Structures are given as structure tokens and as C-alpha cells.
Amino acid sequence: MDSDPRPSEPDDVALMHAIAQQDRNAFAQLMGRHLDRVHQFAVRSGCDRASADDVAQECFLRVWQRAGSYQSGRGSVRTWLLGITRNLTIDRARREQSRPEGSAVDDPELDQMANGAASASDTLARAQRSEALQAAIAKLPERQRSALILCQLQGHSQADAAAIMQTTSDAIESLLGRARRQLKKALSTKAGTTP
């Protein structure tokens, strides 16, 4: 039984070597594999959809320009891509500090609810909870927000998150604990209860 469902497709490391040689087909294939995850990470990091598009475009431009600097011994290609994306979202946030606090973040779940079969009151309640959660996440310190997005929302292991954020698994665990406590406090305060 063959364990690899794509035996004829090159792995990401092979694609990176080909991209370093300016192979456009390899670049297109790598981008096809990872664009959605890069874009989703940017959105979850606080970018609106248009900004996330820009971040994803810049991420893959850097891949094209710097493929030769990728070192497989330091982590997977996916980890490298998300590290680039994280740095780009941090840079963008620093440039956009004039952005008003509490602005809504695009959320596919909200789009689905707007078009879905839920009752108007259910939709409104879910939208308000989602908006409150997005606002609370956006107010977390950057490192806590990144750890939370990587581990809780995107399902990465703490080890992968540590590699992306260039820290240790213990530091990720600590960041997650602090982020959860801050979210619980912020959301209970918003709901009018005490934690």
C-alpha cells in the first residue's frame, strides 16, 4: 500500500530547490499548495481581506527572490512560509497604527452566517460573539495573538508554532496561557460578568 497519495508530485523541499533555479512551474505548484494557508494566517492575524491579499503576494514574492536561502534543516517549507507571513503582518500592523481600534476583521464564518439558514436573532448573536472575540484577539499582544492563531485557530503543534515564531515550545505554552486568560477576562467583562 502506497502511503503517499501524490507519488509523482515533488515535495516542498524539491520545489524550493527548483524555485531557487527560477523554475516558474515549481513556484506555481508551491504557491498552489500554500497560498490559502498563508492568506488565512494573515486574516487571522488581523489583516482585512485586501491586506491579506497583499501580505500573501509579498510572501510569495519573497519566496521567489529568496528560495535559495531556505534551509530544510531549520524547519518545513510551510513553517518557513508562515514565518515570513508573520513578519509581514507585524510590519503591516506597525505601519497601520492609525487604524481605529475594534474594527471588524473579515471572517468567512460571518459571511456564511449572513447567507445561511440561521434565524436572524441567532445570526446576530453569533455575529456579535464572533466580533467580540475578533476584537479581543486583535487587542492581544502580538506574540500572544500569533501563538493563539497558530495553535488554536490553525491547528499547529506547539513545536511548529515555536519554529515559526523562532522561540521554544515552553514559551509558546506560556504565551497561550496568557492569551487565554486575557481573552476570558475581556469576553467576560464584555458580557458583564466577572471571570
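Definitions and cut-offs
Each chain carries its own residue numbering, running from 1 in the written order of its sequence. Selection of residues for local features in this predicted model requires a pLDDT of at least 70, selection of side-chain atom pairs for listing and counting requires 80 or more, and totals for whole chains, interfaces and linings are taken over all residues. The basis for every side-chain value is the complete set of heavy atoms in the structure, and neither hydrogens nor water enter the calculation. Helix and strand definitions here come from DSSP, where helices need a minimum of 4 consecutive H or I residues and strands a minimum of 2 consecutive E residues; each element is numbered from the N-terminal end. We call a residue buried when its accessible area falls under 20% of the maximum for its residue type, exposed when it is over 50%, and partly exposed in between, using a 1.4 Å probe and counting protein chains only. Computed by Shrake-Rupley with a 1.4 Å probe, the accessible areas treat only the displayed protein chains as cover when residues are assessed. Working definition: the arc comes from the directions between the helix axis and the C-beta atoms, pointing outward to the latter. Buried residues of nine kinds, namely Ala, Val, Leu, Ile, Met, Phe, Trp, Tyr and Cys, make up a nonpolar core once their side-chain atoms join them within 4.5 Å. Contact definition: two residues touch when any of their heavy atoms are within 4.5 Å. The angle between two axes is taken between their N-to-C directions and runs from 0 to 180 degrees, where each axis is a line fitted to C-alpha atoms and a helix contributes only its stretch in contact. Working definition: roughly parallel below 35 degrees, roughly antiparallel above 145 degrees, roughly perpendicular at 65 to 115 degrees, and oblique for all remaining angles. Left-handed describes a crossing whose near helix is turned anticlockwise from the far helix through less than a right angle; right-handed describes the clockwise counterpart. Salt bridge, as used here, is a side-chain nitrogen of Lys or Arg placed within 4 Å of a carboxyl oxygen of Asp or Glu.

Enquirer: Describe the overall build of the protein, and please don't skip the residues or the numbers.
Expert: Each helix and strand counted, the protein has nine helices and zero strands in total. Its helices and strands taken in sequence order, the protein reads α-α-α-α-α-α-α-α-α from the N to the C terminus. A burial count over the protein gives 36% of its 195 residues as buried. A total accessible area of about 11,600 Å² is found for the protein, and carbon and sulfur atoms account for 47% of it.

Enquirer: I'd like a description of helix α8 (residues 158-165), backed by residues and values.
Expert: By the burial criterion, the buried members of α8 are A161, A162, I164 and M165. End-on, the buried residues of α8 take up no more than an arc of 165 degrees, which puts them together on one face.

Enquirer: Provide a residue-level description of the nonpolar core, including the pertinent values.
Expert: Counting residues in hydrophobic clusters, the biggest one holds 23 residues, and the most contacted among them are M16, I19, L30, V63 and L81. Ranked by residue count, the leading element in this core is helix α3 (residues 49-66), at seven residues. Residue contacts for L30: discarding those within four places in its chain leaves D12, L15, M16, I19, F60, V63 and V77. Grouped together as the second largest cluster of nonpolar side chains are 19 residues, L82, A147, C151 and A179 included.

Enquirer: Talk me through the side chain of R92; I want residue IDs and the actual numbers.
Expert: Inspection of the secondary structure assignment puts R92 in helix α4 (residues 77-95). For R92, a relative accessible area of 14% gives the class buried. Not counting residues up to four positions away in its chain, the partners in contact with R92 are C47, S51, D54 and V55.

Enquirer: How would you explain the packing of helix α2 (residues 24-44) against α4 if you had to name every residue and give the values?
Expert: Relative orientation of the contacting elements α2 and α4 amounts to 40 degrees, with a least axis distance of 10 Å. Considered as vectors, α2 and α4 are oriented oblique to each other. In terms of crossing hand, the pair formed by α2 and α4 is right-handed. Across the interface between the two elements, L30, H34, R37, V38, F41 and A42 from α2 touch V77, R78, L81, L82, T85, R86 and T89 from α4.

Enquirer: Tell me about the pattern of salt bridges, and name the residues and values.
Expert: Under the defined criterion, the tally for this structure stands at five salt bridges. For D12, the salt bridge is made with R33, and the minimal N-O distance between the two is 2.7 Å. With D12 in helix α1 (residues 12-20) and R33 in helix α2, this pair connects stretches of sequence that are 21 residues apart. A relative accessible area of 18% places D12 in the buried class. Judged by its relative accessible area of 23%, R33 falls in the partly exposed class. Measuring nitrogen to oxygen at the nearest pair gives 3.2 Å for the salt bridge that ties E142 to R86. Residue E142 is located in helix α7 (residues 142-153), and its partner R86 is located in helix α4; the two are separated by 56 residues in the primary sequence. For E142, a relative accessible area of 22% puts it in the partly exposed group.

Enquirer: Give me the lowdown on the environment of G46, citing residues and values where you can.
Expert: Mapped onto the fold, G46 is located in the loop between α2 and α3. Sequence-wise, G46 and R92 are 46 residues apart; in three dimensions their C-alpha atoms are separated by 9.9 Å.

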